[in-house]
Protein chains: 2
Amino acid sequence: MTTPGTVTANAGDIIALVARIFSSLGVNEAGARTVAEALVEADREGLASHGVMLTDMYVDRIRSGSVSPTATGTIVSDQGVAMVMDAENGLGQITGDKAIAHAIDRARTLGAGIVAVRNGFHFGAARRFALKAADAGCVGIVMCNTRPLMPAPGGAEPVVGNNPLAIAFPTASDAPIVLDMATSEAAMGKIRMAAKSGKQIPESWAVDAEGRETNDPEAAIAGMLLPSGGPKGFGLAFVMDLMAGLLSGGGYGATVSPLYGDPAKPYNCAHLFMAIDATHFGDAGAMQQAAAAAGDKLRAGRKAPGVDRLYAPGEREWQRARDNADIVTITDTVAAMLAGIARTLDIEPALIAPLEQSKN
Amino acid sequence: MTTPGTVTANAGDIIALVARIFSSLGVNEAGARTVAEALVEADREGLASHGVMLTDMYVDRIRSGSVSPTATGTIVSDQGVAMVMDAENGLGQITGDKAIAHAIDRARTLGAGIVAVRNGFHFGAARRFALKAADAGCVGIVMCNTRPLMPAPGGAEPVVGNNPLAIAFPTASDAPIVLDMATSEAAMGKIRMAAKSGKQIPESWAVDAEGRETNDPEAAIAGMLLPSGGPKGFGLAFVMDLMAGLLSGGGYGATVSPLYGDPAKPYNCAHLFMAIDATHFGDAGAMQQAAAAAGDKLRAGRKAPGVDRLYAPGEREWQRARDNADIVTITDTVAAMLAGIARTLDIEPALIAPLEQSKN
């Protein structure tokens, strides 16, 4: 069952290809595999915007020098609980894995570990790092900033990014409990889809370039995303911008570059990784059982008419990844992009073949 | 300039009266003053729902035994960064002040301090505690849970409270930078106001008792609040319920009681207070200057048509409190409630007089 316009391939094959692309560009084998696995995982979770579609932008930035293929992140300040990492423009999945590992390590011994990261690059889906902390028995809290995309309430110019926040709680269940949210009401991708299909958008999604309410997706594209819940999402994005950017001594506000801007100019975002070890508060096993029971209770709850199934936060993506344990589905366009990059790198045709063989 | 139906009095007079009410009920002088000042501060900030209108509910619960007038909170587990407090059903402003002071103290020495509080009672506005951390040069993060009020996405029964979150960042500016949000899209008070004035409500605010979308405020009142941003606010509320409730070994989900339910039954909510000391990450003075500059930049930004002024997160409430430095305006109903309670406690008429003299 392949949807027209898509390519379905073995997940391992796509991971091997994407890893080979990054290793060809100077990323070490382990790091290349980390990035490839993280991107494919997002596709399997149904988060295509954080999946292998990012590969060409990452590659373009490595080739243009704004992303380092060899940097893995250096701890430049270590005060025990509080650490600062210089990511040196390394791939965010690699520097992020190191940062959350440090945070977990300190949480184990001290109760909490906090790593603020400067000179950061895109790190993919924030949930991935928060879940690593939860798997280690810790509450994981992960945030980062982006360039300004949203106005202040009543404003007519972008002030803050739609900065994401992920929080995972350790649980005894197979299904995770993890929040992963951007602070905008809607993603720009949804607005572009409305524009393509000639539909109006709710006025909570965006404002026009003058800061006025709009239902017109074209005016929204020329305008600005609105924060989720108005002042709530704005306030959350604003304080996270300062937490990641200022605690790390890194970028914040307009000093973060456009992700799809000049590929020679470092992205300069900042990340914050926090782990809190439940065992320092009490019976961590009992807490994990209670968290699992809270998820079960939610799933067993009464449903609104027409609803088949209820999900705990983050469970739907996990379920999708289970349903797609060995396969990954990407668009023709993304498949062609990957194949094209692979050819420019003289990657073995055998590694490229799975993309083409599986084409409809 | 007094609005009809309201009473405007000297803030100090109202603080003295409310403090006298609580001290008459067995709260020590300092604690009674803390509660009174915190409630009046919320009224001055324009947050009447967290102001002196709460006095009768607090009093009713003290008289019925579910709130202890003497408990100030006891640290029952101390692992350095991680602490657990048993609030012993004490007034939340008093136990919360102690908890955030412990968190700040540990942040100073260790980088971070986290106090999870069980057997908690209502603590007023969360921003107040987060701001205490920021005033001490720390990032302050404060959350608590309430009984279930909001369904899971697609659900038809309440699963989680509209749990509030406050985050303050230290700043060199007079105006604070503080997020303080409930995780519901709208407050029940706004829905009741729509019902009273016969207006429809946006469908993002609430669902009916079957979990169906509704624009009818009466159906919403019989139904459930919706989370801010749908799955975003729900996920945030759900993980905060577990963080406060499970790390403290306290109440979460349906084990938290209705605030306005049986006054003899403990409320049993949980709080979480976190302080992160900026000095453990870098040049805290420079960070505070940068935060102040970020606020200034926001305020100086371009405005949408018809907008006079832009505010940083939490600034509007701070400005209102400055504008009302010495006065507090409450409704006639709240004034009569306070006077009535004062008379039952044989409080000196001189303390009650300001309420009555200022009446229209």
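Rules used in this analysis
Residues numbered from 1 in each chain as written. Chains lettered and ligands numbered in written order. Predicted model: local features only at pLDDT ≥ 70, side-chain atom pairs only at ≥ 80, totals over all residues. Heavy atoms only, no water. Axes fitted to C-alpha atoms, helices over the stretch in contact; angles between N-to-C directions. Helix = DSSP H or I, 4+ residues; strand = E, 2+ residues; numbered from the N terminus. Parallel < 35°, antiparallel > 145°, perpendicular 65-115°, else oblique. Left-handed = near helix turned anticlockwise from the far one by under 90°. Contact = heavy atoms within 4.5 Å. Nonpolar A, V, L, I, M, F, W, Y, C, P; charged D, E, K, R; others polar. 1 Å grid on protein atoms, 1.4 Å probe; cavity = no way out; pocket = protein on both sides within 12 Å on 5 of 7 lines; lining within 4 Å. Points joined across faces, edges and corners; volume = space filled by probe spheres on them. Domains from an automatic or database assignment. Buried < 20%, exposed > 50% of the residue type's maximum accessible area, 1.4 Å probe, protein only. Phe/Tyr/Trp six-rings, centres within 6.5 Å; stacked < 30°, edge-to-face > 60°. pLDDT = per-residue confidence, 0-100. Pairing = 2+ DSSP bridges.

**Some points on the packing of helix α4 (residues 92-110) of chain B against helix α5 (residues 127-135) of chain B**
Residue and element names in this part refer to chain B. Close contact between α4 and α5 brings their axes to 10 Å; oriented N to C, the two are set at 25°. For the element pair α4 / α5, the angle class is roughly parallel. Where α4 crosses over α5, the handedness of that crossing is right-handed. Along the contact surface, α4 presents G92, Q93, G96, D97, I100 and I104, while α5 presents R128, F129, K132 and A133. For the contact of α4 with α5, the residue count by class is 4 nonpolar, 3 polar and 3 charged.

**Some words on the layout of surface pockets**
All names here are of chain A. Roughly 470 Å³ of internal volume is contained in the second largest pocket. Along its surface, the second largest pocket is lined by 29 residues, and E41, E45, R128, L131 and D135 are the ones closest to its centre. Those elements that provide at least two residues to the lining of the second largest pocket are α2 (29-44), α4 (92-110), α5 (127-135) and α10 (315-323). Taken together, the residues that form the lining of the second largest pocket break down as 14 nonpolar, 5 polar and 10 charged. The residue makeup of the lining of the second largest pocket includes at least three contributed by each of domain 1 (1-64 + 326-360) and domain 2 (70-184 + 229-324).

**Regarding unusual backbone geometry**
Residues and elements named next belong to chain B. Phi is positive for E88, which is not a glycine, with a value near 50°. Positionally, E88 belongs in the loop between β3 (82-86) and α4. Residue E88 is classed as partly exposed on the basis of its relative accessible area, which comes to 36%. For N119, which is not glycine, the phi torsion reads 50° and is therefore positive. Tracing the sequence through the fold places N119 in strand β4 (residues 112-120). The partly exposed category is assigned to N119, whose relative accessible area is 25%.

**What to know about the packing of aromatic side chains**
Taken as a whole, this structure holds 14 aromatic pairs over all chains when the rule is applied. Taken together, a centroid distance of 5.0 Å and an interplanar angle of 50° make the contact between A:F123 and A:F129 tilted. Here A:F123 falls in the buried class, since its relative accessible area comes to 3%. Between B:Y58 and B:F121, the ring centres sit 5.2 Å apart and the planes meet at 65°, which makes this aromatic pair edge-to-face. Here the residue B:Y58 occupies a position in helix α3 (residues 55-64), and B:F121 occupies one in the loop between β4 and α5, the gap between them amounting to 63 residues. The rings of A:F22, A:Y58, A:F121 and A:Y267 are connected pair by pair, giving a single aromatic cluster.

**Structural notes on the confidence of the model for chain A**
Mean pLDDT for chain A: 95, with 98% of residues reaching 70 or above. Overall fold confidence for the complex sits at a pTM of 0.97, while the interface term, ipTM, reaches 0.97.

**Remarks on the sheet that holds strand β9 (residues 177-181) of chain A**
All names here are of chain A. Across the sheet, 7 strands lie side by side as β2-β3-β4-β12-β5-β8-β9; this open sheet has mixed pairing. Two strands lie at the open edges of the sheet, namely β2 (74-78) and β9, each paired on one side alone. With strand direction ignored, the average angle separating the axes of adjacent strands in the sheet is 15°. Taken together, the 5 bridges between strand β8 (residues 165-169) and β9 define a ladder with antiparallel strand orientation. When the bridges of β9 are listed, F169 appears paired with I177. Across the sheet, α4 is in contact with β2, β3 (82-86), β4 (112-120), β5 (138-144) and β12 (269-277); its angle to β12 comes to roughly 30°. Contacting β3, β4, β5, β8, β9 and β12, helix α8 (residues 231-247) crosses the sheet at an angle of about 95° to β12.

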